Every structure is written in structure tokens, then in C-alpha cells.
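Listed below, chain by chain, are the residues.
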Amino acid sequence: MDININPINTKDRPWIVKLLTENWFSSIVISRGKRYDASILPGVVAKYQGSAVGLVTFHIEFHECQIITLDSWLENFGVGSALINAVRLEALITGCSRMW
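Parameters at a glance
- Residues numbered from 1 in each chain as written.
- Predicted model: local features only at pLDDT ≥ 70, side-chain atom pairs only at ≥ 80, totals over all residues.
- Heavy atoms only, no water.
- Helix = DSSP H or I, 4+ residues; strand = E, 2+ residues; numbered from the N terminus.
- Expected span 1.5 Å × (residues − 1).
- Buried < 20%, exposed > 50% of the residue type's maximum accessible area, 1.4 Å probe, protein only.
- Arc of directions from axis to C-beta.
- Contact = heavy atoms within 4.5 Å.
- Salt bridge = Lys/Arg side-chain N within 4 Å of Asp/Glu carboxyl O.
- Phe/Tyr/Trp six-rings, centres within 6.5 Å; stacked < 30°, edge-to-face > 60°.
- Lys NZ or Arg CZ within 6 Å of the ring centre and 35° of its normal.
- Core = buried A, V, L, I, M, F, W, Y, C linked by side-chain atoms within 4.5 Å.

## Re helix H1 (residues 13-24)
Between its first and last C-alpha, H1 extends 16 Å over 12 residues, near the 16 Å set by a 1.5 Å rise per residue. Residues Ile-16, Leu-19 and Leu-20 constitute the buried set of H1. Taken around the axis of H1, the buried residues stretch over an arc of 95°, which confines them to a single face. Facing away from the buried side of H1 by more than 90 degrees, the exposed set consists of Pro-14, Lys-18 and Glu-22. Close packing links the buried residues of H1 with strand E5 (51-61) and strand E6 (64-72). At the C-terminal side of H1, Phe-25 shows a positive phi close to 70°.

This is the structure in C-alpha cells:
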């Protein structure tokens, strides 16, 4: 199965807002006392045959990378792992020493 992994682009933002609102009831996430709007964070989309099958958003600060949201709608095909690995690569490229 060919799953394409690509950074979020501007065309993705409207459906990401809808997805976050439907699945998480808001695009706002509070983590460790900080407020994040996941709809505007950097992230990666997984697509299969042109349709989105997964999304991860993350925040990088002070050489640390935190995954804020992770959604996968295609089970047992490694979508979640592929998304996490894409974030891991971005964290390494930007010099992060910690990812969670």
C-alpha cells in the first residue's frame, strides 16, 4: 500500500479545522499549561489514493518537539508510525534533543 506523507499545506487547513473540531471538539489543545491552536501548527498529512488517512501536528521550541495531535483513520497499515517518523525526522533536522 502506497501512503504519501507530506507537510500540511494551505489547501489542507480548512479540512484540518473541520477534522479537529469534529474529533477533538476544538482546534485548541492545552498541554502542560500551554495553549496551542492545532489548526495552525506545522504538521504532516498521510494520504492514500488522494484521500487523507492521517494527520499529526506538532510544536518545536527550545530544541524540543511535542506532538500535539495525532489522528489515523486507516488501521493496521502503519499510518500512525509513518506520521510519527515524519515528525521525528523534522525534529532531528531542526536539532531537537527531545521529542514527546
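What follows picks up the thread again.
## Points about the pattern of salt bridges
Taken as a whole and judged by the stated rule, the model has four salt bridges. Asp-12 is paired through a salt bridge with Lys-47; the nearest N and O atoms lie 3.7 Å apart. Of this pair, Asp-12 sits in the loop between strand E1 (3-7) and H1 while Lys-47 sits in strand E4 (residues 43-48), and the two are 35 residues apart along the sequence. Among the residues examined, Lys-47 registers a relative accessible area of 27% and is labelled partly exposed. Note that Glu-64 is salt-bridged to Arg-98, the shortest N-O span being 3.8 Å.

## Overview of the packing of aromatic side chains
The geometry of an aromatic ring pair is captured by two quantities: the separation of the ring centres and the angle between the planes. With the rule as written, the count across this model stands at zero aromatic pairs. Sitting above the plane of the Trp-100 ring, Arg-98 keeps its charged end 4.1 Å from the centroid.

## Some words on the nonpolar core
Membership of the largest hydrophobic core is limited to 12 residues, which are Val-44, Ala-46, Val-53, Val-56, Phe-58, Cys-65, Val-79, Leu-83, Ala-86, Val-87, Ala-91 and Cys-96. At the level of secondary structure, the elements contributing two or more residues to this core comprise E4, E5 and helix H2 (79-93). The element contributing the most residues to this core is H2, with five residues. Each residue touching Ala-46, except ones within four places of it in the same chain, is listed here: Ile-3, Asn-4, Ile-5, Ser-51, Ala-52, Val-53, Gly-54, Val-79 and Leu-83. Grouped together as the second largest cluster of nonpolar side chains are 11 residues, Leu-20, Leu-41, Val-45 and Leu-55 included.

The values reported here are purely geometric and, on their own, carry no functional implication.
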